[in-house]
Amino acid sequence: MGPEDVRILAPMLPETVTGAHSGNPDFRVGGRVFATLWVEEARVVLRLAPADQAALCAAEPDLFTPLDGAWGRRGWTNLDLDLCDEETLRTALLGAWRVTAPPDLRAAYAAA
C-alpha cells in the first residue's frame, strides 16, 4: 500500500473530511484528526484505542509502532505503508475512525 491508497480509503469512512496537520494531509471526523499521512515516509499515524494499539503492535510489530512519549501512550500509532496490505490498512483506518467519531455517528454506522 502507499500514500495514495490512504487518500482513497480514508475519505470513504462516513463524514470524513480531508485537511492538513503540520503540513501533512490528515483525515478528520467530527472535527478531530483520526489519521495523518506522512507521504515522504510512506506511513500513516493513526489514533487508536490503547488496547487496540497494544494488540496490533504485538501482532504486527513490523507494521505498527507506537509514537514516542505521551502521544504513543494515548494510542497514536505509526503504520508502515510499504509493508501493509489493503485489509490491514482498511481495518486500522476504521479502528481510528471509531475511536474518534462522535458517539451518535458511531452508533449510526454500527446500525447500518
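Look up a bit, the structure's there.
Computed from a predicted model, the values in this text were never measured in an experiment.

1. Here we look at the packing of aromatic side chains
Link 1 in the chain: Here the structure, examined in full by the defined rule, presents two aromatic pairs.
Link 2 in the chain: Ring centres 6.1 Å apart and planes at 75° place the aromatic pair Trp 71 and Trp 76 in the edge-to-face group.
Link 3 in the chain: Of the residues examined, Trp 76 reaches a relative accessible area of 12% and is grouped as buried.
Link 4 in the chain: A cation over an aromatic ring shows up here: Arg 43 above the ring of Trp 38, its NZ or CZ 4.5 Å from the ring centre.

2. Points about the sheet that holds strand β2 (residues 24–29)
Link 1 in the chain: Ordered in space as β1-β2-β3-β4-β6-β5, the six strands form an open sheet in which the pairing is antiparallel. Every interior strand has two partners, whereas the edge strands, β1 (17–21) and β5 (64–66), have only one. Ignoring strand direction, the axes of neighbouring strands in this sheet form an average angle of 30°.
Link 2 in the chain: Pairing of β5 with strand β6 (residues 76–80) involves three bridges; the strand directions are antiparallel. Paired with Pro 66 across the bridge in β6 is Thr 77.
Link 3 in the chain: Along the sheet, helix α2 (residues 50–59) contacts β5 and β6; its crossing angle with β5, the most-contacted strand, is approximately 130°.
Link 4 in the chain: Sitting on the sheet, helix α4 (residues 86–100) is in contact with β2, β3 (32–38), β4 (43–47), β5 and β6, with an inclination near 35° to β4.

Basis of the calculations
- Residues numbered from 1 in each chain as written.
- Predicted model: local features only at pLDDT ≥ 70, side-chain atom pairs only at ≥ 80, totals over all residues.
- Heavy atoms only, no water.
- Phe/Tyr/Trp six-rings, centres within 6.5 Å; stacked < 30°, edge-to-face > 60°.
- Buried < 20%, exposed > 50% of the residue type's maximum accessible area, 1.4 Å probe, protein only.
- Lys NZ or Arg CZ within 6 Å of the ring centre and 35° of its normal.
- Pairing = 2+ DSSP bridges.
- Helix = DSSP H or I, 4+ residues; strand = E, 2+ residues; numbered from the N terminus.
- Axes fitted to C-alpha atoms, helices over the stretch in contact; angles between N-to-C directions.
- Contact = heavy atoms within 4.5 Å.

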